[in-house]
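The primary structure of each chain is shown beneath.
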Amino acid sequence: MDFLYRPLFRPALFRMDSERAHEVGVDAMAWLGRLAPLRWALEAANRLDASIYRPVSLFGLTFPNRVGLAAGFDKNARAWPAAAALGFGHVEIGTVTAQAQPGNPRPRAFRYPEEGAIINRMGFNNEGAAAVAERLRGHAGPGRRKIPLGINLGKSKVAPLEMATEDYLASFRRLAPLADYLVLNVSSPNTPDLRKLQDEARLRELLAAITAENALAAGRPGGRKVPILLKIAPDLSWTQIDAVLVALYDYQLDGVIATNTTLARPGPFAAVNEAGGLSGRPLRRRAPEVVRYLALQTNGRLPIIGVGGIDDEISAGEKLDAGASLVQVYSGLIFEGPGLPARIAKALADRDRRG
């Protein structure tokens, strides 16, 4: 795929507005998901040989490799059935909110190819939890998919901060039965006040309600306890991360995703006058710093998914060296193309074999 993407498809996509190019990518992946013979052929070509490479067990789930598609690409659960064909070992859809919402005004996504970076202020544009749930019901459910499916939940913009917990609960009740794992996104910079949910008191209120609902659902006939992860920002101080960790332990969350986009504007971005979260290569240093701190503070007992600045095998390996068990890519996929996940997955699996 790489030999076609860079000379042919990437120039055409990069001549488009960033969001239009994203929509074309989602449409293409959704088309691949519906074209079964081609999808099966690509799955076979990109699947790691199970007789040689061991899968990864985490959260009670089995991941065929360490590389996942991060939330933000497939917001409405349209493209995820093709993720395994590209070599992904898991896929995370969303961010999904309880209420359908258009997101922030356009333009709201900006590419910086020289820096391998993106600034976005999308604002959780999505069709809402009910529509996403209905779409997912047409596919195989948890435990019956080729790769685990995570669902990333956020706060509806119309929900005031004091109603955030009820808003998340509404999404949880609709989508938890359909997810292999769930992520509470409290770290996007593009929904007003959302990051305030990382403050200790508000975070504890949210985690208490979600974990209680999860336990209640597991106690019903045919119910199950869904693994729950928290996605945090790279801009938290070590003291703030310590408070987050205490809450994660107190409410027995299953893991943490580090990190979301940053509000920092390092290097050449100091002169860029665009609001939103910065992702891609500028996060390559900060994201593993946060992963390493989390791993050290928890003695490696808290499963971590490392995200941020991954665009090759080396940057992916840095997250594992810091203490992550899985990694996720998104911005790197835009710049490097659809061959990236399979290439990284193979390299990380080879690294595991070498010990």
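For clarity, every value in this text was computed on a predicted model and none was experimentally measured.

S.K.: If you had to explain the environment of D250 to someone new, which residues and values would you point to?
M.R.: Among the structural elements, D250 can be located in helix α7 (residues 238-250). The partly exposed category is assigned to D250, whose relative accessible area is 47%. Placed 43 residues apart in sequence, D250 and L207 show a C-alpha to C-alpha distance of 9.3 Å. A polar contact is formed between the side chain of D250 and the side chain of R204, at a distance of 2.5 Å.

S.K.: Requested: an account of the packing of helix α2 (residues 18-34) against helix α3 (residues 36-46), with residues and values cited.
M.R.: Direction vectors running N to C along α2 and α3 enclose 95°, while the axes themselves pass 5 Å from each other. In terms of axis orientation, α2 runs roughly perpendicular to α3. Here W31, L32, G33 and R34 of α2 come into contact with α3, specifically with A36, L38, R39 and L42.

S.K.: I'd love a proper account of the sheet that holds strand β11 (residues 277-280), names of residues and values included.
M.R.: Overall, antiparallel pairing links the three strands, which are arranged β5-β6-β11 in an open sheet. Each edge of the open sheet is held by one strand with a lone partner, namely β5 (109-112) and β11. Here the strands of the sheet are splayed against their neighbours by 20° on average, with no regard to which way each runs. The pairing of strand β6 (residues 117-120) with β11 spans four bridges and is antiparallel.

S.K.: Kindly report on the nonpolar core, identifying the contributing residues and their values.
M.R.: Looking at soluble globular proteins, one finds that nonpolar side chains tend to be buried together. In terms of nonpolar packing, the biggest core is built from 78 residues, with L136 and L175 touching the most fellow members. Residue contacts for L136: discarding those within four places in its chain leaves A77, W80, I93, L149, I151, L175 and L178. Core analysis: the next-biggest nonpolar cluster, separate from the first, contains 13 residues, L61, V183, L229 and V307 among them.

S.K.: Residues and numbers for empty space enclosed by the protein, please.
M.R.: Under the counting rule described, the total for this entry stands at one cavity of 30 Å³ or more. Taken as a whole, the largest cavity spans an internal volume of roughly 50 Å³. Considering the residues around the largest cavity, the lining is formed by G116, G280, R281, G309, I310, D311, S331, G332, F335 and E336. In terms of residue count, the dominant contributor to the lining of the largest cavity is helix α10 (residues 331-336) (four residues). In terms of residue class, the lining of the largest cavity is built from two nonpolar, five polar and three charged.

S.K.: Go over the sheet that holds strand β8 (residues 181-185) with me, naming the residues and quoting the values.
M.R.: By definition, the strands of a sheet pair up through backbone hydrogen bonds, in either a parallel or an antiparallel sense. Around the barrel, which closes on itself, the eight strands sit in the order β3-β4-β7-β8-β9-β10-β12-β13 with parallel pairing between neighbours. Across the sheet, the mean angle separating the axes of adjacent strands is 25° when strand polarity is ignored. Pairing geometry for strand β9 (residues 228-232) and strand β10 (residues 255-258), over four bridges, is parallel. The residue bridging I232 from the neighbouring strand is A258, located in β10. Contacting β12 (304-307) and β13 (326-329), helix α9 (residues 313-322) crosses the sheet at an angle of about 145° to β13.

S.K.: Please give an account of the side chain of T261 that cites residues and values.
M.R.: Considering the arrangement of structural elements, one finds T261 in the loop between β10 and β11. Each residue touching T261, except ones within four places of it in the same chain, is listed here: N120, P189, R195, P234, D235, G277, L278, S279 and L283.

S.K.: Please give an account of unusual backbone geometry that cites residues and values.
M.R.: A cis amide bond links R106 with the next residue in sequence, P107, at an omega value of -5°. Summarising the element assignment, P107 is placed in the loop between β4 (90-96) and β5. Phi at F124 takes a positive value of approximately 55°, unusual for a residue other than glycine. Its place among the elements puts F124 in the loop between β6 and α4 (129-136). Using a relative accessible area of 7% as the deciding quantity, one classes F124 as buried. One non-glycine residue, N299, adopts positive backbone phi at about 55°. Assignment of secondary structure puts N299 in the loop between α8 (286-297) and β12.

S.K.: Describe the side chain of R195, naming the residues involved and giving the relevant values.
M.R.: Position of R195 relative to the elements: it lies in the loop between β8 and α6 (200-218). Of note is the side chain of R195, whose polar atom sits 2.7 Å from the backbone oxygen of T261.

The rules behind the values
- Residues numbered from 1 in each chain as written.
- Predicted model: local features only at pLDDT ≥ 70, side-chain atom pairs only at ≥ 80, totals over all residues.
- Heavy atoms only, no water.
- Helix = DSSP H or I, 4+ residues; strand = E, 2+ residues; numbered from the N terminus.
- Buried < 20%, exposed > 50% of the residue type's maximum accessible area, 1.4 Å probe, protein only.
- Polar contact = N/O pair within 3.5 Å; in protein donor to acceptor, adjacent residues only side chain to side chain.
- Axes fitted to C-alpha atoms, helices over the stretch in contact; angles between N-to-C directions.
- Parallel < 35°, antiparallel > 145°, perpendicular 65-115°, else oblique.
- Contact = heavy atoms within 4.5 Å.
- Pairing = 2+ DSSP bridges.
- Core = buried A, V, L, I, M, F, W, Y, C linked by side-chain atoms within 4.5 Å.
- 1 Å grid on protein atoms, 1.4 Å probe; cavity = no way out; pocket = protein on both sides within 12 Å on 5 of 7 lines; lining within 4 Å.
- Points joined across faces, edges and corners; volume = space filled by probe spheres on them.
- Nonpolar A, V, L, I, M, F, W, Y, C, P; charged D, E, K, R; others polar.

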